[in-house]
Amino acid sequence: MSQNARDAGLKLLREHALIAGEAVKGSAWIEVDDPADGSIIGRIPDLGVAETERAIQAAVDAFPAWSRSDPHKRAQILREWARLIDENAEGLGALMALENGKPFEEAKGEVAYANGFIKWFAGEAERMLGETQDSPLGHVLLTFREAVGPCALITPWNFPAAMLTRKLGPAFAAGCTAVVKPASQTPFTALALAELADRAGLPRGVLSVVTGDAATIGGALTASPEIRKLSFTGSTPVGRLLAAQCAPTLKRVSMELGGAAPLIVFADADLDLAVAETIKGKFRNSGQTCVCPNRVYVEASVAETYARKLAEAVSQIPVGPAFEPGVKVGPLIEDKAIAKVEDHLRKVQASGGKVLIGGGRHDLGGRFFQPTVTLGGDDKLFRDEETFGPLIPVFAFETEDEVLEKANDSEFGLASYLFARDLDRAFRIGRRIEAGMCGINTGLMSTAVAPFGGVKSSGYGREGSTHGIAEYVDIKTLTLALR
C-alpha cells in the first residue's frame, strides 16, 4: 500500500516551475529532500527576477478577461479543480508526505482540508453581492465588489496544500490572477495543484508558480507596481520585511504570521478531553504549526494530574517515517528545527522544568525528535518564541487574572485554547484573550467556513469564511442622480 501511494505521489512530481501554463526549467537548481532520511526526491529551478517579471506580466495580461468573466463560470472552474483534487487525493497526499515528512494519513487529511477552501469559495464566487442604498442627497448608491488586481501569494512549507488553496480560492473567486511563490522545502505540492487547475480549465496566465530564492522572488513581487495585493504566510520577521517592501506601491497586504498559542486548563475541565485535544492540537505536523499550543497553563490543583495524564498519552504516540502504518508524528523539516527544540528544552530545564516524557532526539536518528512533555520552570521563553516542534511545556497557575496576564504577555496573538465546563468562565476568558481565534474545549478549530487570522505581531487580515474574499476585492460605488 505504501509503495503504491509513493508511486502515485511521484507521478505528480514536476521538476519545473509554471509560468502561464508553460513549464520553465532555468539553468540553476534547488534540491528537495525527504525529511525522514535526507534523500533527494527531486529538484526545482532556481529562478530569478526575469522569470518572476514574466509571471507578473502574464498575470497582468490575463487579469482583464478573468476579472470580467462570469463569476458562475469561475465557480465552475473551481468546482472542476476540486473534483480533480479529490480524484488525485492519494497522490497529492503522498507527494506532500514525501517532501514535508508528515504522516501519509495526515497529509491526505490536509488535501481534503485544502480542497474545502476551493469548494467553499466556488460558492462565494456566486455570492459576490453588492448593495443599494438611498443617499441623503437624493441619489441612489450602487456598491460593487471588484477584483483588486494581480496578486502575489507566498506560502510556507508546513501546510503546502492548505496554505495555497486558502489564498487561491478567494483570489480566483473574486476574479484576481496570481503569482505563487511556494516554499523551496515543499514546492511539489503547489506545482501539482497548479497543474490540476490548468486541467480544470483555468485560463493561461491566471496562475503562475515561480520557484527559487525567496528573497529574490519576493523582492521582485513586492517591487512591482502591477502586483496590487500580497498575501503571506510565514514568520513575523519576514512579514515585517515584506510589508515594508510593499509600502512604496501601496499594495493591499494580508499577513498570517507567527504564534505562541496559550492553552489554558481550568480545574473544572474534563481533563481526559483536555489531554486528548492538547495532543490533537500540538502534534499535527510534528508540532510545526503556527496555531499549535506553544505553552500550557493548568490550574494548580490539577496541574500534576493533567501533566501525568498528558505524559502517559504522549508516550503512546507512534513516531516514524510518513508511510509507516499508524505513525502520528514524523520528522522535523530540517536540522535547524531540531536544534531549536533542543535549545528550548535546555532552557526550560535550566529554569526548573522537569521532563516527564521524551527529552531528546529519537532513536530513529536524523530529524526525528521524541514527543516531549515538561512540567514547571519559566514560561517567558514560550511567550516570546515558537518552538515549532513536539515539545509541550506545562505550567501551573492560581487565578484567572494571573493566567490571563501570562497568556496575553506576548507580542503574538494568533490562536488560543481553553478548557472549562463553566461556560460563563469560558466566554469571559475567551473574550479577554488577545488572539484572533480561541478554541473552547477543542484543539482543532480551522475549517473553510471559519475566519482564520491573528492580532498584534501575528498579522492582519482573515482567510477562509465569508470574510476571506474581502481581502481580494475593492469596493466601487456608483452614484446615480435620478431626474
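Figured I'd write up the structure that's included with this text. Remember, predicted model here, so these are calculated numbers, not experimental data.

## Description of the environment of L230
- Position of L230 among the secondary structure elements: in strand β10 (residues 229–233).
- For the pair L230 and L242, spaced 12 residues apart in sequence, the C-alpha separation works out to 8.7 Å.
- In this structure L230 touches A152, I154, T222, L242, C246, R252, V253, S254 and M255, once residues within four positions along its chain are discounted.

## Considerations on the packing of aromatic side chains
- With the rule as written, the count across this model stands at eight aromatic pairs.
- On the numbers, 6.1 Å between centres and 40° between planes, the contact of Y297 with F395 is tilted. Of this pair, Y297 sits in strand β13 (residues 295–299) while F395 sits in strand β16 (residues 391–397), and the two are 98 residues apart along the sequence.
- Among the aromatic residues, those joined into a cluster by ring pairs are W66, W81 and F172.
- Positioned above the aromatic ring of W29, the side-chain terminus of R43 is 3.8 Å from the ring centre.
- Taking the ring centre of F452 as reference, the NZ or CZ of R166 above it sits at 3.8 Å.

## Observations concerning the sheet that holds β13
- Strand order in the open sheet formed by seven strands is β14-β15-β16-β13-β12-β18-β19, with mixed pairing between adjacent strands. Single-partner strands in this sheet number two, and they are β14 (354–357) and β19 (439–440).
- Here four bridges tie strand β12 (residues 262–265) to β13, and the two strands are oriented parallel to one another. Paired with P262 across the bridge in β13 is R295.
- Contacts from helix α11 (residues 300–314) reach β12, β13, β14, β15 (372–375) and β16, with the element oriented near 135° to β13.
- In the packing of helix α15 (residues 423–432) onto the sheet, contacts are made with β12, β13, β18 (417–419) and β19, and the angle to β18 comes to roughly 165°.

## Quick notes on helix α4 (residues 89–100)
- Over its 12 residues, α4 runs 16 Å from end to end, which matches the ideal 16 Å to within 8%, given 1.5 Å per residue.
- Burial runs high along α4: 10 of the 12 residues are buried.
- Buried residues in α4 make contact with α1 (2–11), β3 (29–33), β4 (40–45), α3 (71–87), α5 (104–125) and α7 (188–199).
- Immediately downstream of α4, the backbone of G101 shows phi near 95°, a positive value.

## What about the side chain of E256?
- Tracing the backbone shows E256 in strand β11 (residues 252–256).
- Note on E256: relative accessible area 4%, which makes it buried.
- There is a polar contact of 3.2 Å between the side chain of E256 and the side chain of R166.
- Beyond its immediate stretch of four places on either side in the chain, E256 contacts M163, R166, F232, T233, G234, C290, L414, F452 and S458.

## Quick look at the pattern of salt bridges
- One pass over the structure, following the stated rule, counts 38 salt bridges.
- With a closest N to O distance of 2.9 Å, E195 and R199 form a salt bridge. On the criterion of helical spacing, the pair formed by E195 and R199 is a turn pair, its members being four residues apart in helix α7.
- R199 sits in the partly exposed class, given a relative accessible area of 46%.

Rules and cut-offs
Residues numbered from 1 in each chain as written. Predicted model: local features only at pLDDT ≥ 70, side-chain atom pairs only at ≥ 80, totals over all residues. Heavy atoms only, no water. Helix = DSSP H or I, 4+ residues; strand = E, 2+ residues; numbered from the N terminus. Contact = heavy atoms within 4.5 Å. Phe/Tyr/Trp six-rings, centres within 6.5 Å; stacked < 30°, edge-to-face > 60°. Lys NZ or Arg CZ within 6 Å of the ring centre and 35° of its normal. Pairing = 2+ DSSP bridges. Axes fitted to C-alpha atoms, helices over the stretch in contact; angles between N-to-C directions. Expected span 1.5 Å × (residues − 1). Buried < 20%, exposed > 50% of the residue type's maximum accessible area, 1.4 Å probe, protein only. Polar contact = N/O pair within 3.5 Å; in protein donor to acceptor, adjacent residues only side chain to side chain. Salt bridge = Lys/Arg side-chain N within 4 Å of Asp/Glu carboxyl O.

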